[in-house]
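These are the residues of each chain, in order.
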2 protein chains.
Amino acid sequence: MPDVLKNDRFLRALRREPTDTTPIWVMRQAGRYLPEYRATRERAGSFMGLAQNPEYACEVTLQPLQRFELDATILFSDILTIPDAMGLGLSFAQSEGPQFARPVRTAADVAKLAVPDMDGELRYVIDAVRLIRHELHGRVPLIGFAGSPWTLACYMVEGHGSRDFATLKMMCWDQPKLAHQLLDTLAQAVSAYLIAQAAAGAQALMIFDTWGGLLGPAPFREFSLRTMAQIVATLKADPASRELPVILFSKGAGAHLAALADTGCAALGVDWTIDLADARAAVAGRVALQGNLDPAILRASPEVIRREARTVMDSYGNHPGHVFNLGHGITPEADPEQVKLLVDEVHAYGRTLRAR
Amino acid sequence: MPDVLKNDRFLRALRREPTDTTPIWVMRQAGRYLPEYRATRERAGSFMGLAQNPEYACEVTLQPLQRFELDATILFSDILTIPDAMGLGLSFAQSEGPQFARPVRTAADVAKLAVPDMDGELRYVIDAVRLIRHELHGRVPLIGFAGSPWTLACYMVEGHGSRDFATLKMMCWDQPKLAHQLLDTLAQAVSAYLIAQAAAGAQALMIFDTWGGLLGPAPFREFSLRTMAQIVATLKADPASRELPVILFSKGAGAHLAALADTGCAALGVDWTIDLADARAAVAGRVALQGNLDPAILRASPEVIRREARTVMDSYGNHPGHVFNLGHGITPEADPEQVKLLVDEVHAYGRTLRAR
């Protein structure tokens, strides 16, 4: 029997209910900017060694909670666990990012892909969720996550990171049926993965569409948004995940907030290039918003960090439904002390806002 | 006495006057996708050896006109000629992009910067403009260009390319006066540079704000837009440049089109993530629009290229003021044959549109 949740600010904000102050968590909060994370990674030997060991994954997931009064925690893992479990052979080349030994290029490659077994190849993730949920003792909610089908396909087809992921784009244009087959398989896999995370104890689910913003408006709707909408519908139909709020984050897709809100998700992540007042107007109160401080601001001086945090909160205004976060993942250069003062400022100013 | 201009479609479209068909040029049309460009670069020994030699620069500028029925040509050069002329020591590390030997970091570094002499350090650019204009014999107009102060400062302060250019952002937040001093010096240099290009024969001027889209809304207005507006005002006040249309291109700044149009420029470049119909609505007929095919589409099949080109043109509609272009520079992987069919399709479909 899991512990009773002691801090439900994050979940209340996702439901657009009033909270005593603004909840905050930080994308990639368990990460390289923390010396204790680097120490655990050192012990694990490699990034995948860290991600694939539930004890290590649990350890680094909980690390930021020892330092900061965060209102949510997120499973430590990687978005590319699904394609790795599909047999593509994931590795992280030194400072060059992810690489797949067997990229997906042909119809035969796509046909071979199967939804991984959540009790098999992906069991280490589900075990990590279960362990983290247990070790949290109800302190804050646990967010499960996955990459969006479009974003996973970007890496799977290109084989590695890219400025424009033109190889997948070419597949979308020249072989749209094949691209849809790939994306549909991934949508099934992401749905099953998120449902399994929910069943193991995740209390909110987030989909990272890191590369949706590389697409023009029509291809975004066809190849990124559509599959995310499918996943949200599947999650809403499953008893394990039905009650869980879903957060969609399409980076660089500020023009598509209204369409993203139409998927039935609970909240949208917003990057720092959009004013939250404009984002609120775009979604017209239908979803909560999560964001959106420029991660680079964490390298500025304390008074600037505090001022810019307040600017973000003022742009959202004194309305329910704001989860404070960065507009993208925290970078390794960030100073943990700056994160601490950000978290404290958000809580303090959130109380001030509500007292007005 | 320069030759009479034989093809004024591009300039007419920038003035939002009717044209017989839609004019097209391609950002980075003199580039690595052309074997004849690679041959000239080989002879020149290096990228800077190519850019700094007016005869070579003229040769590669004119190369795409031999193959394609383009309606404009753009000076072959690099946006970083100004900081190089300021003494920062520009080099292009093999496949790693631009590097400055002496990046700008401190107040003393900024204080040392002076507007380069257009008859001195930057004479090779001005000579190239004069030579190209002469060698064009009025076939199509010649576009002169510069990087925006924000974008130049990104490289100057970071010292090289970067995902987030956080070093300049930190200067903006922690030392805003110093950042403004740097940007103001660059605005003066860019203005003088574009005026000198106009005096040497450029018939339109374009400012590339490649990294403006990395900024949040308020910093974009303060650190990128403001200096571009200053430059447009300076160009409008100088007899050499007063009559020349100015095109501003802030990549990833789709949320700021209305504000960019307020600068007094003639046209805005639009990247491929925005629908041109939305862009037209945003600027409300005040400026022409240039764009916006996803450059990756040039790697798709001929029928897809033709279809997507027509989609771009349909989204603009049958109104004056559209200059067809890619939404960003052409990539080295593009096939020149695909460029040819794009150019021909734009002209053919432009005539069809006008006949409706």
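First, a word on what this report is: a plain description of the structure on this page. (Residues numbered from 1 in each chain as written. Chains lettered and ligands numbered in written order. Predicted model: local features only at pLDDT ≥ 70, side-chain atom pairs only at ≥ 80, totals over all residues.)

Here's the deal with the overall build of chain A
Counting secondary structure elements, chain A contains 15 helices and nine strands. Relative to its length of 356 residues, chain A is compact, with a C-alpha radius of gyration of 19 Å against a globular reference of 21 Å. Along the longest, intermediate and shortest principal axes, the C-alpha atoms of chain A span 60 × 45 × 40 Å. Expressed as a percentage of its 356 residues, the buried residues of chain A come to 55%. (Helix = DSSP H or I, 4+ residues; strand = E, 2+ residues; numbered from the N terminus. Rg over C-alpha atoms; globule rule 2.2 N^0.38 Å. Buried ≥ 20, exposed ≤ 12 C-beta atoms within 10 Å, placed from the backbone.)

Points about the relation of the copies chain B and chain A
Laying chain B over chain A is done by rotating through 180° and shifting 0.0 Å along the axis; what remains is an RMSD of 0.0 Å. Both copies of the chain, as the preceding transformation shows, are related through a two-fold rotation axis. A symmetric contact is evident, with 100% of the interface residues of chain B recurring at the interface of chain A. (Least-squares fit on C-alpha atoms with pLDDT ≥ 70 in both. Contact = placed C-beta atoms within 7 Å.)

Thoughts on the packing of helix 4 (residues 54-67) of chain B against helix 7 (residues 123-136) of chain B
Any two packed helices are characterised by how steeply their axes cross, that is the angle between the axes, and by the distance between the axes. Residue and element names in this part refer to chain B. Packing of helix 4 against helix 7 brings their axes to within 8 Å, and their N-to-C directions diverge by 45°. The pairing of helix 4 with helix 7 is recorded here as oblique in orientation. Crossing of helix 4 against helix 7: the hand is right-handed. Within the contact between the two elements, helix 4 uses Pro 54, Ala 57, Cys 58, Thr 61 and Leu 62 and helix 7 uses Tyr 124, Asp 127, Ala 128, Leu 131, Ile 132 and Glu 135. The class makeup of the residues in the contact of helix 4 with helix 7 is eight nonpolar, one polar and two charged. (Axes fitted to C-alpha atoms, helices over the stretch in contact; angles between N-to-C directions. Parallel < 35°, antiparallel > 145°, perpendicular 65-115°, else oblique. Left-handed = near helix turned anticlockwise from the far one by under 90°. Nonpolar A, V, L, I, M, F, W, Y, C, P; charged D, E, K, R; others polar.)

What about the sheet that holds strand 9 (residues 322-326) of chain A?
For sheets, the rule is that strands pair by backbone hydrogen bonds, running either parallel or antiparallel. All names here are of chain A. If you trace the seven strands from one edge of the open sheet to the other, you get 1-4-5-6-7-8-9, paired in parallel fashion. Two strands bound the open sheet, and with one partner strand each, they are strand 1 (73-74) and strand 9. As defined by bridge partners, strand 8 (residues 288-293) adjoins strand 9 across five bridges and the pair is classed as parallel. Within strand 9, the position partnered with Asn 292 by the bridge is Asn 325. (Pairing = 2+ DSSP bridges.)

Observations regarding the interface of chain B and chain A
Across the boundary between the two partners, chain B contributes 22 residues, which contact 22 residues of chain A. A per-element tally of the side of chain B that touches chain A places helix 9 (residues 166-174) of chain B first, with five residues. In terms of residue class, the side of chain B that touches chain A is made up of eleven nonpolar, five polar and six charged.

Description of the environment of Leu 50 of chain B
One can find Leu 50 of chain B in helix 3 (residues 47-51). With sequence-adjacent residues up to four places away left out, Leu 50 of chain B is seen in contact with Thr 40, Arg 41, Ala 44, Tyr 56, Ala 57 and Val 60 of chain B.

Looking at the sheet that holds strand 9 (residues 322-326) of chain B
Residues and elements named next belong to chain B. Read from one edge of the open sheet, seven strands run 1-4-5-6-7-8-9, paired in parallel fashion. The sheet is open, and its two borders are formed by strand 1 (73-74) and strand 9, each paired with just one other strand. Packed onto the sheet, helix 11 (residues 217-237) meets strand 5 (204-209) and strand 6 (246-250) and runs at close to 165° relative to strand 5. Contacting strand 8 (288-293) and strand 9, helix 14 (residues 302-316) runs over the sheet at an angle of about 150° to strand 8.

Some points on helix 4 (residues 54-67) of chain A
Taken residue by residue, helix 4 of chain A has Ala 57, Cys 58, Glu 59, Val 60, Thr 61, Gln 63 and Pro 64 of chain A as its buried positions. Against helix 2 (35-44), helix 3 (47-51), strand 1 and helix 7 (123-136) of chain A lie the buried residues of helix 4 of chain A.

Section: helix 13 (residues 276-283) of chain A
Residue and element names in this part refer to chain A. Burial in helix 13 covers these residues: Leu 276, Ala 279, Arg 280, Ala 282 and Val 283. Viewed end-on, helix 13 has its buried residues packed into an arc of 160°, placing them on one side of the element. Each element contacted by the buried residues of helix 13 is listed here: helix 12 (257-261), strand 7 (267-269), strand 8 and helix 14 (302-316). Immediately beyond the C-terminal end of helix 13, within one or two residues, lies Ala 284, with a positive phi of roughly 50°. (Arc of directions from axis to C-beta.)

Some points on the environment of Arg 41 of chain B
All names here are of chain B. Take Arg 41: it is sitting in helix 2 (residues 35-44). Taking the number of C-beta atoms within 10 Å as the measure of exposure, Arg 41 has 19 and is therefore partly exposed. Taking C-alpha positions, Arg 41 is 42 Å from Asp 174, a pair spaced 133 residues apart along the chain.

Looking at the packing of helix 14 of chain B against helix 15 (residues 336-355) of chain B
Residue and element names in this part refer to chain B. The N-to-C vectors of helix 14 and helix 15 enclose an angle of 40°; their axes lie 9 Å apart at closest approach. Considering the angle they form, helix 14 stands oblique to helix 15. You can see that helix 14 and helix 15 cross each other, and the crossing is right-handed. For the pair formed by helix 14 and helix 15, the contact residues are Pro 302, Ile 305, Arg 306, Ala 309, Arg 310 and Met 313 on the first element and Gln 338, Leu 341, Leu 342, Glu 345, Val 346, Tyr 349, Gly 350 and Leu 353 on the second. In terms of residue class, the contact of helix 14 with helix 15 is built from nine nonpolar, two polar and three charged.

Concerning the pairing of strand 9 of chain A
Regular strands place their side chains on alternate faces of the sheet. All names here are of chain A. Of all five residues in strand 9, five are buried; the element is thus mostly enclosed. Side chains His 322, Phe 324 and Leu 326 project from strand 9 onto one buried face, and the interleaved Val 323 and Asn 325 project onto a second face that is buried too. This β-α-β element, strand 8 to helix 14 to strand 9, shows right-handed connectivity. (Right-handed = clockwise from strand over helix to strand, strands pointing away.)

Regarding the environment of Ile 79 of chain B
Residue and element names in this part refer to chain B. Position of Ile 79 relative to the elements: it lies in the loop between strand 1 and helix 5 (81-88). What makes Ile 79 partly exposed here is the crowd of 19 C-beta atoms within 10 Å. Sequence separation between Ile 79 and Arg 307 is 228 residues, and the spatial gap between their C-alpha atoms is 33 Å. The residues contacting Ile 79, other than those within four sequence positions of it, are Ala 146, Gly 147, Thr 151, Leu 152 and Phe 208.

Overview of unusual backbone geometry
Here the bond from Gly 291 of chain A into Asn 292 of chain A is cis, since omega is -5°, no more than 30 degrees from zero. When you line up the elements, Asn 292 of chain A lands in strand 8. Located in the positive-phi region is Arg 28 of chain A, a residue other than glycine, with phi close to 65°. Within the secondary structure layout, Arg 28 of chain A lies in the loop between helix 1 (9-14) and helix 2. Residue class for Arg 28 of chain A comes out partly exposed when judged on the 18 C-beta atoms lying within 10 Å of it. Non-glycine residue Phe 165 of chain B carries a positive phi angle of around 45°. By the element assignment, Phe 165 of chain B lies in the loop between helix 8 (149-158) and helix 9.

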